[in-house]
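Structural characterization, general
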Amino acid sequence: MKISGSDLHLFRVFESVVRNGGISAAQMELSLSQPTISNHLTALERRLGVKLCERGRRGFSLTEEGRRVYEIGTEITETLDANSVRLSCLRSALAGKVSVGIVDCMATDSNFRLSDAIAELSETAPEIELNLTIMRPNDITKAVAENEIDIGIGGSDIKVASLRYEIIYREEHAVFCGSAHPLFRRKEEAIASAECHGYPWVHRGYWYGMRRQRFDNLAANRVAFDIEAQLLMVLSGAYLGVLPIHFAGLFEQQGRLRRLAIADEAYFADIEIATRTGEQAANVAYVRDAITKAHRKHL
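In this report, the structure presented in the accompanying data block is examined. In this numbering scheme, every chain counts its residues from 1 along its sequence in written order. The predicted nature of this model means local features are confined to residues of pLDDT at least 70 and side-chain atom pairs, given and counted, to a pLDDT of 80 or more, with totals for whole chains, interfaces and linings taken over all residues. The basis for every side-chain value is the complete set of non-hydrogen atoms in the structure, without hydrogens or water.

Numbering of helices and strands runs from the N terminus, with a helix taken as a DSSP run of H or I at least four residues long and a strand as a DSSP run of E at least two residues long. Within the protein, the secondary structure is distributed over 11 helices and 11 strands. Across its three principal directions, the C-alpha atoms of the protein cover 75 × 55 × 30 Å. Relative accessibility under 20% of the residue-type maximum defines a buried residue, over 50% an exposed one, and the middle range a partly exposed one, all with a 1.4 Å probe and only protein chains included. By the burial criterion, 43% of the 299 residues in the protein qualify as buried. Of the contacts formed within the protein by residues at least 6 apart in sequence, a portion of 69% connects residues at least 24 apart. Whether two residues are in contact is decided by their heavy atoms, any of which lying within 4.5 Å being enough.

Structural data, given as structure tokens:
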């Protein structure tokens, strides 16, 4: 069969359904209704002459033919995406959309100079359309690797070989407690690290390695996947938590948080800019370079 543009659309819909594990789970990603997605799958089955999947009350599952079609379709779309980037690199004009994923709670950090880069881009490349999205660190890594976004800014314990990472600055973190916590009014010299670890903590669900292992022991500990959610739990007074000082400092000034001098938990997070390795579209490379240059000026 000769593959047409409409066939490619059907392949992408099918790929999304398989990747998300069903029609309903793929709705948000595709911005399509369940009946429309189902109709697209039926159209692809008719076009290929094979049954791709079982779908209904018993759930979603691929047929053997569906697995083969998914593999072939994924290979086709990945090849097209890769060559689209190569074709974009031929353009000398700095125009078009560049999508950037950013970790949450960065706007309060004076070391984060993205706004400087945006100001420069608005003057030197006004036809580039920046699309900024707040995302979780590991989601950023996955999205850049899978060509869903062009640039990622943040820090993740997970590193992918197909990505290029560059540290643009370091973000300082420290331990904080809320005003209702038993340690809030205690004298600093009377607070021991061992005692602190006896209280419940709220940690971030995307932490890995030794930091994660230290928190897995106490049943009363809790998990948050966003820094603002973690902050709310610390503000409650029920939990201790490690927070960026630029963000927590605002609440410290209001008397709602206290920074605790626990040296073994304080740390600096490397804030990195991540892009795919290999040839980049001209507009993506220009935005990446503008961001790194803005941060180098303030090192």
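Another point: the environment of valine 202. By the element assignment, valine 202 lies in strand S7 (residues 202-204). When the C-alpha atoms of valine 202 and tyrosine 239 are compared, they prove to be 5.9 Å apart, with 37 residues separating the residues in sequence. The contacts of valine 202, once residues within four sequence positions are left out, are Arg222, Val223, Ala224, Gln230, Met233, Val234, Tyr239, Leu240 and Gly241.

The next subject is the packing of aromatic side chains. When the centres of two rings from Phe, Tyr and Trp lie within 6.5 Å, Trp using its six-membered ring, the rings pair. Their planes under 30 degrees apart give stacked, over 60 give edge-to-face, and anything left gives tilted. Tallied over the entire structure, the rule returns 2 aromatic pairs. With 6.4 Å between their ring centres and 40° between their planes, phenylalanine 112 and tyrosine 169 make a pair best called tilted. Taken as a pair, phenylalanine 112 in the loop between strand S3 (96-102) and helix H5 (114-124) and tyrosine 169 in strand S6 (residues 163-178) lie far apart in primary sequence, 57 residues in all. The buried category is assigned to tyrosine 169, whose relative accessible area is 7%. Ring centres of phenylalanine 247 and phenylalanine 251 lie 5.9 Å apart, and the angle between their planes is 75°; on these two criteria the pair is classed as edge-to-face. With a gap of 4 residues between them, phenylalanine 247 and phenylalanine 251 both fall in helix H10 (residues 245-253), about one helical turn apart. We note that phenylalanine 247, like phenylalanine 251, is buried.

Between its first and last C-alpha, helix H3 (residues 34-48) extends 21 Å over 15 residues, near the 21 Å set by a 1.5 Å rise per residue. Within the span of H3, buried status applies to Ile37, His40, Leu41, Leu44 and Glu45. Axial view of H3: buried residues confined to an arc of 140°, hence all on one face. Exposed residues lying more than 90 degrees from the buried face of H3 are Pro35, Asn39 and Arg46. The inward-facing, buried residues of H3 abut helix H1 (5-20), helix H2 (23-30) and strand S1 (53-54). In the stretch just after H3, glycine 49 is the one whose phi turns positive, near 80°. A helix is expected to reach a length of 1.5 Å times the quantity of its residues less one. Comment: arc refers to directions from the helix axis out to C-beta atoms.

Turning to the state of the cysteines, a few remarks are in order. Our working definition of a disulfide is a cysteine sulfur pair at a distance within 2.5 Å. One pass over the structure, following the stated rule, counts 0 disulfides. As a non-bridged cysteine, cysteine 196 has cysteine 177 as the owner of its nearest cysteine sulfur, 8.2 Å distant.

In this section: the packing of H2 against H3. For every element, the axis is a line fit to its C-alpha atoms; helices are fit only across the contacting stretch, and the angle between N-to-C directions ranges from 0 to 180 degrees. Between H2 and H3, the least distance of the axes is 9 Å, while the angle of their chain directions is 105°. The orientation of H2 with respect to H3, classified from their angle, is roughly perpendicular. Contacts from Ile23, Ser24, Ala26, Gln27 and Leu30 of H2 reach H3 at Gln34, Ile37, Ser38 and Leu41. The residue inventory of the contact of H2 with H3, partitioned by class, reads 5 nonpolar, 4 polar and no charged. Working definition: roughly parallel below 35 degrees, roughly antiparallel above 145 degrees, roughly perpendicular at 65 to 115 degrees, and oblique for all remaining angles. Polarity classes work like this: nonpolar for Ala, Val, Leu, Ile, Met, Phe, Trp, Tyr, Cys and Pro, charged for Asp, Glu, Lys and Arg, and polar for all others, with Gly in that last group.

To continue, consider the side chain of glutamate 272. Secondary-structure assignment places glutamate 272 in strand S11 (residues 267-276). Classification of glutamate 272 by relative accessible area gives buried; the value is 11%. Glutamate 272 has contacts with Gly152, Ile153, Gly154, Gly155, Ser156, Lys159, Tyr165, Glu166, Ile167 and Ile168, leaving out every residue within four places of it along the chain.

What follows covers the nonpolar core. Nonpolar cores are built from buried Ala, Val, Leu, Ile, Met, Phe, Trp, Tyr and Cys residues. Side-chain atoms within 4.5 Å join them into one set. Counting 31 residues, the largest nonpolar core has Leu183, Leu240, Leu243, Leu257 and Leu260 as the members making the most contacts within it. Those elements giving two or more residues to this core turn out to be S6, helix H9 (227-235), strand S9 (241-244), H10, strand S10 (257-260) and S11. In contact with leucine 243, other than residues within four places in its own chain, are Glu172, His173, Ala174, Phe176, Arg204, Ile227, Gln230, Leu231, Val234, Ala248 and Leu257. Grouped together as the second largest cluster of nonpolar side chains are 29 residues, Val103, Met106, Ile149 and Ile153 included.

Within the secondary structure, arginine 258 sits in strand S10. It turns out arginine 258 is buried and unbridged, and the closest side chain with the opposite charge, glutamate 188, is 4.7 Å from it. Between N or O atoms, a polar contact is any pair within 3.5 Å; within protein, one atom must be a potential hydrogen donor and the other a potential acceptor, and residues adjacent in sequence are included only when both atoms are from side chains. Side-chain polar atoms of arginine 258 contact the backbone oxygen of leucine 183, separated by 2.9 Å. At a separation of 2.5 Å, a polar atom in the side chain of arginine 258 contacts the main-chain carbonyl oxygen of arginine 186. If we ignore the near neighbours within four places in the chain, the residues touching arginine 258 are Val175, Phe176, Cys177, Leu183, Phe184, Arg185, Arg186, Lys187, Glu188 and Ile191. Positive charge is attributed to Lys and Arg, negative charge to Asp and Glu, and no charge count is given to His or to the chain ends. Salt bridges are defined as contacts in which a side-chain nitrogen from Lys or Arg sits within 4 Å of a carboxyl oxygen from Asp or Glu.

So, on to unusual backbone geometry. Positive phi, close to 55°, is recorded for serine 31, a residue that is not glycine. On the basis of relative accessibility, which here comes to 64%, the residue serine 31 falls in the exposed class. Although it is not a glycine, cysteine 105 adopts a positive phi angle of roughly 60°. Relative to the helices and strands, cysteine 105 is located in the loop between S3 and H5. Its relative accessible area of 16% is what places cysteine 105 among the buried residues.

Read these as geometric descriptors, not functional statements.
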